[in-house]
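# Observations on the model geometry
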Amino acid sequence: MHTIEHIYVDGAFAVPHGQERFELFNPATEDVIGTVRLADAEDARRAIAAAKRAFATFSKTGIDERIALLQRMHDAVLAREADLFDAIREEYGAPVSRGRWMARHAADVFAEAIDTLRAFDFERRMGSADVVMQPVGVAGLITPWNSNAGFICGKLAAAIAAGCTAVIKPSEMSALQTRIVTEALHEAGAPAGVFNIVTGRGYVVGAEIVASPDIAKISFTGSTAVGKGIVRASADTLKRVTLELGGKSPSVILDDADFSKAVPLAIAAGFMNSGQACIAGTRILVPRARLGEFEALAKATVEAVVSGDPADPSTDVGPMVSAKQWERVQGYIRKGIDEGARLLAGGEGRPDGHARGWLVRPTLFTDVRNDMTIAREEIFGPVLSAIAYDDEEEAIAIANDTSYGLQAYVHATDEARARRVASRIDAGRVLVNTLAHEPKAPFGGFKQSGLGREHGRFGLEAYLEPKAVLGL
Ligand code: NAD
């Protein structure tokens, strides 16, 4: 059993003022694996005060000093890669390949921030003005459970690169990962108060950070509903806000695509991170003339996807993070059936041979209309919808007929055509015949998928205010 009793404030581990104990679960077994003592609003205020004190000095540091700190953080997190991998599997249930990627990603983001920082111009001449990019202030960083370590490190790396200090509110469901990351970052020897980590309830600690006049910027990754509340709550203090929210990403398979490649890729895009991915390609748009061919291939592909024990390397899809999330996904599968979509593979309940664990049967619906609930709402589980279209115009119209706009996928043989279609889809990223990530490119959403961008140059600018000095 894990017992987590400390938060991290002003350069030291501290017993929180908060008293509440929150249970941690192994989603593959449904067993309680530990408890975490949660911070409260008083703890959040202490963390904010420490970050504010540290900002006075840290905001004046030079680039070389910040690069050295980022490098030490990279090395320290990398040294805990194996521990992080174990924690990600135990408390989140990520399958082996995904867990390995996530554990490594937590260190990689520091190296990426160093590259960005080296190439960044903090001072520019614009007309008769000197324009200086100045750190915005103390940043409040709020993360979700579906990639907690990666988001803590990615947001903190950008804040530090800019010269900001930070108060981090990780997901309360990911306390094992948070403890390992905190220990590693402590080893890296940042000046006291530069980063503070206060695990607590969103509506307590998160809300305190969002309301605080001493926090200049929020970077939040999580649900669209909470993101909208953060925009409202931060209006009083006019915070700079970056939001990375939900998605309902289209995978547009064009009629010249090589289906032997496109169909497995589209299914993999949908089941990424066990379907618990904001960027999951959950609406697969299929040319009606090739629907039968798609259905045969897709059914076989989905039926071969293994949903099971995350410790088994042959597992593709792990459990849902919580009982609540499992129920929610089951509800959407029922809703799809009730609304008249046709089940091609999967369905309600657990996969055969599993009586425990929050496992879902990898599910693909066909005959889905884009106005059905399963095509409109983010399910956050391995449940995909195939939607037929008649021509390219209709495919683009369906792809854009969503309140989201985080990511899209295009599968085609003719690259010029793929580029044309990609140029007309309203999404922060469009991936053509690939699932690759590019950390140097901006990441974020159009429409209700968010505000602003993370990663690379755009991500760094989000922690800076331009100041023009004239007359010199
Ligand atoms: P969530 O919105 O429930 O919680 C996210 C974080 O916000 C948690 O730390 C939570 O404690 C905190 N929070 C909750 N209420 C708050 C409040 N009132 N004030 C401040 N903070 C508050 O999301 P989740 O269930 O943890 O994560 C899943 C969601 O995250 C999905 O919708 C998914 O699409 C989204 N997500 C988006 C991206 C992206 O980059 N766009 C990446 C991963 C996940």
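Structure shown above.
Below is a summary of the structure that appears in this document. What you see is a predicted model; the values in this text were computed from it and never measured.

Time to look at the packing of helix H5 (residues 148-162) against helix H6 (residues 175-187). Following both chains from N to C, one finds H5 and H6 inclined at 35 degrees, their axes separated by 9 Å at the closest point. Here H5 runs over H6; the crossing is right-handed. Contacts between H5 and H6 pair Asn-148, Ala-149, Ile-152, Cys-153 and Leu-156 from the former with Gln-177, Thr-178, Val-181 and Leu-185 from the latter. Along the lines of polarity and charge, the residues of the contact of H5 with H6 split into six nonpolar, three polar and no charged.

Spatially, S6-S7-S21 is the arrangement adopted by the three strands of the open sheet, whose pairing is antiparallel. At either end of the open sheet lies a strand with only one pairing partner, and these are strand S6 (123-126) and strand S21 (464-470). For this sheet the average axis-to-axis angle between neighbouring strands, irrespective of direction, equals 30 degrees. Here strand S7 (residues 129-135) runs beside S21; their pairing, made up of seven bridges, is antiparallel.

Attention now goes to the packing of aromatic side chains. All chains considered together, the criterion is met by six aromatic pairs. Each ring, one from Tyr-8 and one from Phe-13, has its centre 5.0 Å from the other, and the planes form 70 degrees; the classification is edge-to-face. Seen in terms of ring centroids, Tyr-92 and Trp-145 are 6.2 Å apart; in terms of plane orientation they differ by 40 degrees. Their pairing is tilted. With Tyr-92 in helix H3 (residues 81-92) and Trp-145 in the loop between strand S8 (139-142) and H5, this residue pair connects regions lying 53 residues apart in the sequence. Take Tyr-92: its relative accessible area is 2%, and that puts it in the buried class. Here the aromatic cluster, defined as three or more aromatic residues joined through ring pairs, consists of Tyr-8, Phe-13 and Phe-195. Here the basic side chain of Arg-290 rests over the ring of Phe-259, its NZ or CZ set 3.7 Å away from the ring centre. Above the face of the Trp-326 ring, Arg-350 is positioned so that its terminal group lies 4.9 Å from the ring centre.

Reading the values: rules and limits
- Residues numbered from 1 in each chain as written.
- Predicted model: local features only at pLDDT ≥ 70, side-chain atom pairs only at ≥ 80, totals over all residues.
- Heavy atoms only, no water.
- Axes fitted to C-alpha atoms, helices over the stretch in contact; angles between N-to-C directions.
- Helix = DSSP H or I, 4+ residues; strand = E, 2+ residues; numbered from the N terminus.
- Left-handed = near helix turned anticlockwise from the far one by under 90°.
- Contact = heavy atoms within 4.5 Å.
- Nonpolar A, V, L, I, M, F, W, Y, C, P; charged D, E, K, R; others polar.
- Pairing = 2+ DSSP bridges.
- Phe/Tyr/Trp six-rings, centres within 6.5 Å; stacked < 30°, edge-to-face > 60°.
- Buried < 20%, exposed > 50% of the residue type's maximum accessible area, 1.4 Å probe, protein only.
- Lys NZ or Arg CZ within 6 Å of the ring centre and 35° of its normal.

The values are spatial; any link to function lies outside them.
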